[in-house]
Amino acid sequence: MLRRPEYRRALVFCGIIGIPVSLIAFWFLVLLHELETLIWVDWPHDLGWSDPPWWWPLPLALVSGAVVALVVLRFPGRGGHIPAAGLQAGGASKAAVPGVALAALASLPLGAVLGPEAPLIALGGGLALAFRDLVRAPATEASTTLLGAAGAASAISAIFGSPLVAAVLLMEVAGVGGPQLFAVMLPALLASGRRHRVHRLRPLDRTGCRKPEHRAARSTPPRRRRRGVVDADGARHRRGRPRDAGGRTDAARLVAAHPLRNTVLCALGAAGCAALYAGITGRSPSEVSLSGQATLSQLAADPHAWSVGSLVAVLVFKGVAYTLCLGSLRGGSTFPALFLGGAVGVLLSPLPGLGVVPGMAAGGAAASAATLRLPVSCVVLVVLVVGNSETVPMIVLAAVVAFVTTELLPQGPGIPPFSAKPGRAPRPASSRP
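A quick note: this is a predicted structure, and the numbers were derived from the prediction, not measured. Counting restarts for each chain: residues are numbered from 1 in the order of the written sequence. Residues qualify for local features only when their pLDDT is at least 70, as the model is predicted, and side-chain atom pairs are given and counted only at 80 or more; totals for whole chains, interfaces and linings, by contrast, use all residues. Only heavy atoms go into the side-chain values, all of them from the structure, while hydrogens and water stay out.

What follows concerns the nonpolar core. Counting residues in each nonpolar core, the largest one holds 89 residues, and the members touching the most others are Leu 87, Leu 114, Leu 120, Ile 156, Phe 160 and Leu 299. Under the scheme used here, helices are H or I runs from DSSP no shorter than 4 residues and strands are E runs no shorter than 2 residues, and both carry numbers assigned from the N terminus. Counting residues per element, this core draws most heavily on helix H11 (residues 308–326), which supplies 9 residues. Of all hydrophobic cores here, the second largest spans 6 residues; its members include Trp 40, Trp 56, Leu 60 and Leu 110. Nonpolar cores were defined as sets of buried Ala, Val, Leu, Ile, Met, Phe, Trp, Tyr and Cys residues, with membership established by side-chain atoms within 4.5 Å. Partly exposed describes any residue whose relative accessible area lies between the buried limit of under 20% and the exposed limit of over 50%, with all areas from a 1.4 Å probe on protein chains only and scaled to the type maximum.

Right under this line is the structure:
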């Protein structure tokens, strides 16, 4: 393939496109950060509060829900996909870029419990196609796929700070290798994690006595075959998940039936969780609202500033708000999952042999792997975020066990089968209404 001139030209073009796309993604993140600081820090200080009052998220949520609903109704691309469907890298469209940007600006700084990674993927792919058309490069199916992936990788690396995370994430999201990739990858991850942990043990201590062996990790049970039905197009679907002619699930149809009402109600429900948290604990409602990226850094820097009651309260209220935002607003699901998992890790850190840093690392890896269903990407991301080589085996084991456990549990509506490629909506099971 590298010997083909058209592929080499595509590589050069992708390298050139990566520069403006990454710059636009960087300034988009700067804009989001400045708006978040203005709304949640500067305005309350100007009005005489050290922290936002308990009612602060409610009017913001009303505006956020209304704007996102109008974007879904009026703009091409519906402002991006619903976050509950997971990260999606396919279907890049330049026509969807304005709606995606506006929905993200109306969701993330105004209190949505979501992150910016999903909008960045959509923006990067759409901008890459827009630059291709601007220079009048040939538009083929292969070039559209290649440029969409390159643009998404350039944009997503701006938030994760590493091209490695972007490349691995997009490979898993795009389903490169299909189900066989997971079948080979999970045992390899599990075995390598155990091998690294065993090789770090010394067989004898200073007195010449053999140290006690660590408990072996439980072997992952064999994956059960998914039951399903095969439609006329040959696509397999899980039973009990009716879909309409557009391939939407019951949950997606519920929001689509009355987008303005339901989106506003979900946004207000998430804001109500933040208000209740602030009223009960006396802490800032921003700890429940927003993605949790900044709060995770504060938790890691000073975990003792949080009481057990505060940690339990933020887990409960942020978890409910996260669920409501996943089904209604626009954004990504990575950073809230990392925060919730890290908070659980801090709660469990007093356990023997755990500690705060390993607990947060393992909790973040488990929560993100269970949410995103991308175990390798979650391992790479958490390892780079933690920056502690001592926790790598625990991160690997936590991500693999969480992923396998999630896959073996009964799947709810809207979750694609394990054998389906991520990022592609299954074909409808029937043409009947």
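Attention now goes to the packing of aromatic side chains. How two aromatic rings sit relative to each other is given by the distance of their centres and the angle of their planes. Two rings belonging to Phe, Tyr or Trp (six-membered ring only in the last case) form a pair when the distance between their centres is within 6.5 Å. Interplanar angles under 30 degrees mark stacking, angles over 60 mark edge-to-face geometry, and anything in between is tilted. Going through the model one piece at a time under the given rule, you end up with 6 aromatic pairs. Measuring from centroid to centroid gives 5.9 Å for Phe 160 and Phe 335, while their planes differ by 35°, and the two rings are tilted. Of this pair, Phe 160 sits in helix H5 (residues 141–160) while Phe 335 sits in helix H12 (residues 334–348), and the two are 175 residues apart along the sequence. Side by side, Phe 160 and Phe 335 carry an identical accessibility label, which is buried. Ring geometry for Trp 306 versus Phe 339: centroids 6.5 Å apart, planes at 55°, classification tilted. Of the two residues, Trp 306 sits in the loop between helix H10 (293–301) and H11 while Phe 339 sits in helix H12, which places them 33 residues apart along the sequence.

Once that is clear, we can look at unusual backbone geometry. Here the phi dihedral of Arg 78 falls at roughly 55°; this positive angle occurs in a residue that is not glycine. Along the chain, the position of Arg 78 falls in the loop between helix H2 (57–74) and helix H3 (97–107). What makes Arg 78 partly exposed here is its relative accessible area of 39%. One non-glycine residue, Leu 290, lies in positive phi territory at about 70°. Relative to the helices and strands, Leu 290 is located in the loop between helix H9 (259–281) and H10. Owing to a relative accessible area of 7%, Leu 290 belongs among the buried residues under this scheme.

A word on the packing of H3 against helix H4 (residues 117–134). Closest axis-to-axis distance for the H3/H4 pair is 9 Å, and the angle between their directions is 155°. One way to sum up the angle between H3 and H4 is to call them roughly antiparallel. Handedness of the crossing formed by H3 with H4: left-handed. Here Val 97, Val 100, Ala 101 and Ala 104 of H3 lie close against H4, whose contacting residues are Pro 119, Ala 122, Leu 123, Gly 126 and Leu 127. Ten residues, namely Ala, Val, Leu, Ile, Met, Phe, Trp, Tyr, Cys and Pro, are considered nonpolar, four, namely Asp, Glu, Lys and Arg, are considered charged, and the remaining ones, Gly among them, are considered polar. A per-class count over the contact of H3 with H4 returns 8 nonpolar, 1 polar and no charged. Inter-axis angles, ranging from 0 to 180 degrees, are taken between N-to-C directions of lines fitted to C-alpha atoms, where helices are fitted over the stretch in contact. Relative orientations are named as follows: roughly parallel for angles under 35 degrees, roughly antiparallel for angles over 145 degrees, roughly perpendicular for angles from 65 to 115 degrees, and oblique for any other angle. By the definition used in this description, the sense in which the near helix is turned from the far one sets the handedness, with an anticlockwise turn below a right angle giving left-handed and a clockwise turn giving right-handed. Contacts were defined at the residue level, with two residues in contact if any of their heavy atoms lie within 4.5 Å.

It is worth spelling out the side chain of Arg 373 at this point. One can find Arg 373 in the loop between helix H13 (356–372) and helix H14 (375–386). A distance of 2.6 Å separates the side chain of Arg 373 from the side chain of Glu 407, its partner in a polar contact. N or O atoms closer than or at 3.5 Å make up a polar contact, with two conditions inside protein: a donor-capable atom paired with an acceptor-capable one, and, for residues adjacent in sequence, both atoms drawn from side chains.

What follows concerns H3. For H3, a buried count of 8 out of 11 residues is recorded, marking the element as mostly surrounded by other parts of the structure. Here H3 has its buried residues at Val 97, Gly 99, Val 100, Ala 101, Ala 103, Ala 104, Ala 106 and Ser 107.

A separate point is the confidence of the model for the protein chain. Residues at a pLDDT of 70 or more form 73% of the protein chain, whose mean pLDDT is 77. In the model, residues 417–433 has pLDDT below 50 throughout and makes 33 contacts with residues more than four positions away in sequence or in other chains. For every residue, the predictor assigns a confidence score, pLDDT, that lies between 0 and 100.

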